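The chain contents come next:
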Amino acid sequence: MSLMDETSLRIVATIEARMNSTRLPGKVLMEAAGKPFLAHMVERLGRVRYLDGIVIATTTNVADNAIVALAEELGVGCHRGSEDDVLARVLSAAKAHDVDVIVETTGDCPLIDPNLVDLCIKSYLESDVDYVSNVLDRTYPIGMDTQVFSTNVLDNIAKLTDDPDDREHVSLYIYRNPEIFKLKNLPAPPELSWPELGLTLDTPDDLRVISHVFEALYPLDPCFDLAKVLELFHRDPSLAEINAHVHRKHI
């Protein structure tokens, strides 16, 4: 019997996405291999075995009407909330969709590997912890980011903090307070460890890199995993140099 058979918890991935990104506006609806990046991400998360659903958490901005329309086209949930208070946006999305366990992702990770998401969820279900992720001690490439915690934990945090950083970065309060919450980090196996590799969509140079990956791999195998992505970079080391200079925002 699988863990999903053993639990009645409703486990849903939230994707934080908006059109008004600072460094690359409209990035989530830019296209590669014939699809918007957000559609690719939904497709990839749709292969996660332990998920009961996907909800795109976007904003009330008029510009994000296009994201709502795509969600409807893809047949996934969508919820609108504050642009700046992302914690409240994700929490209200979880409550609106009766979510017990939130798998937090962001729309700038279109190459996210379903297998890694499954590992994080499985670890959360098997462990007596409040939070599981693969980002506390980064070993996976940037762009595989997955964080798992309960809606109840996020609801409690919403009552505990009004700090703008906490409200903008949904799970920040959790991992900044290890004396309150039990945390678990999943390290990458050696063959998938490349922590400085940028596979997140933040800048025009990231767009060049990620578009190349999709154009090279998706037509041959839409289900390509992180191992296949890294093989591509090992075959062509110049690919990683395109966006190696990009400064990533860290909290």
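One can find the structure itself at the top, above this paragraph.
Rules behind the numbers
- Residues numbered from 1 in each chain as written.
- Predicted model: local features only at pLDDT ≥ 70, side-chain atom pairs only at ≥ 80, totals over all residues.
- Heavy atoms only, no water.
- Axes fitted to C-alpha atoms, helices over the stretch in contact; angles between N-to-C directions.
- Helix = DSSP H or I, 4+ residues; strand = E, 2+ residues; numbered from the N terminus.
- Parallel < 35°, antiparallel > 145°, perpendicular 65-115°, else oblique.
- Contact = heavy atoms within 4.5 Å.
- Nonpolar A, V, L, I, M, F, W, Y, C, P; charged D, E, K, R; others polar.
- Pairing = 2+ DSSP bridges.
- Buried < 20%, exposed > 50% of the residue type's maximum accessible area, 1.4 Å probe, protein only.
- Lys, Arg positive; Asp, Glu negative; His and termini not counted.
- Salt bridge = Lys/Arg side-chain N within 4 Å of Asp/Glu carboxyl O.
- Patch = residues over 30% accessible without salt bridge, like charges linked within 9 Å, V, L, I, M, F, W, Y side chains within 5 Å.
- Areas by Shrake-Rupley, 256 points an atom, 1.4 Å probe, with all protein chains shown as cover.
- Charge placed at Lys NZ, Arg CZ, Asp CG, Glu CD.
- Core = buried A, V, L, I, M, F, W, Y, C linked by side-chain atoms within 4.5 Å.
- Phe/Tyr/Trp six-rings, centres within 6.5 Å; stacked < 30°, edge-to-face > 60°.
- Lys NZ or Arg CZ within 6 Å of the ring centre and 35° of its normal.

**Some remarks on the packing of helix H9 (residues 204-217) against helix H10 (residues 226-235)**
Relative orientation and spacing of two packed helices are given, respectively, by the angle between their axes and the distance between those axes.
So, step 1. Put simply, H9 and H10 touch, their axes get as near as 11 Å, and they point 110 degrees apart. Considered as vectors, H9 and H10 are oriented roughly perpendicular to each other. Where H9 approaches H10, its residues Val 209, His 212, Val 213, Ala 216 and Leu 217 are matched on the opposing element by Lys 228, Val 229, Leu 232 and Phe 233.
So, step 2. Looking at the contact of H9 with H10, its residues break down into seven nonpolar, one polar and one charged.

**Here we look at the sheet that holds strand S9 (residues 183-185)**
As a general point, the strands of a sheet are linked pairwise by backbone hydrogen bonds and lie either parallel or antiparallel.
So, step 1. Taken in spatial order, the seven strands make up an open sheet running S5-S4-S1-S6-S8-S7-S9, and their pairing is mixed. Of all strands in the sheet, those bounded by a partner on one side alone are strand S5 (77-81) and S9. Averaged over all neighbouring strand pairs, the angle between strand axes comes to 25 degrees, with direction disregarded.
So, step 2. As paired strands, strand S4 (residues 53-59) and S5 are joined by five bridges and run parallel to one another. When the sheet's bridge partners are listed, Val 55 is paired in S5 with Gly 77.

**Quick look at the side chain of Asp 64**
So, step 1. For Asp 64, the location among the structural elements is in the loop between S4 and helix H3 (65-74).
So, step 2. No salt bridge is formed by the buried Asp 64, whose closest oppositely charged neighbour, Arg 80, lies at an N-O distance of 5.5 Å.
So, step 3. Setting aside residues up to four positions removed in sequence, Asp 64 forms contacts with Arg 18, Met 19, Thr 58, Thr 59 and Arg 80.

**Focus on a negative patch on the surface**
So, step 1. On the surface, Asp 84, Asp 162, Asp 163, Asp 165 and Glu 168 cluster together into a patch of negative charge.
So, step 2. Turning to its location among the elements, Asp 165 is positioned in helix H7 (residues 164-168).

**Let's talk about the nonpolar core**
So, step 1. Core analysis: the largest hydrophobic core is formed by 31 residues, its most contacted members being Ile 15, Leu 38, Leu 45, Leu 51, Ile 56, Val 103 and Ile 121.
So, step 2. Where this core is concerned, the elements lending two or more residues are strand S1 (11-16), helix H2 (37-45), S4, H3, strand S6 (101-106) and helix H5 (114-126).
So, step 3. When residues no more than four places from it in sequence are discounted, the contact partners of Leu 51 are Ile 11, Val 12, Ala 13, Leu 45, Val 103 and Ile 121.
So, step 4. With 28 residues, the next largest nonpolar core counts Leu 24, Leu 217, Tyr 218 and Leu 230 among its residues.

**Points about the packing of aromatic side chains**
So, step 1. Summed over all chains, the structure comprises six aromatic pairs.
So, step 2. Measuring from ring centre to ring centre gives 6.3 Å for Tyr 173 and Phe 181, while their planes differ by 75 degrees; the resulting arrangement is edge-to-face.
So, step 3. With a relative accessible area of 10%, Phe 181 lands in the buried category.
So, step 4. Judged by centre distance (5.7 Å) and plane angle (75 degrees), the rings of Phe 214 and Phe 224 are edge-to-face. Of this pair, Phe 214 sits in helix H9 while Phe 224 sits in the loop between H9 and H10, placing them ten residues apart in sequence. Considered together, Phe 214 and Phe 224 belong to a single accessibility category, that of buried residues.
So, step 5. These aromatic residues form a ring-pair network of at least three members: Phe 37, Phe 214 and Phe 224.
So, step 6. Across from the ring centre of Tyr 50, 4.8 Å away, lies the NZ or CZ of Arg 49, which sits over that ring.

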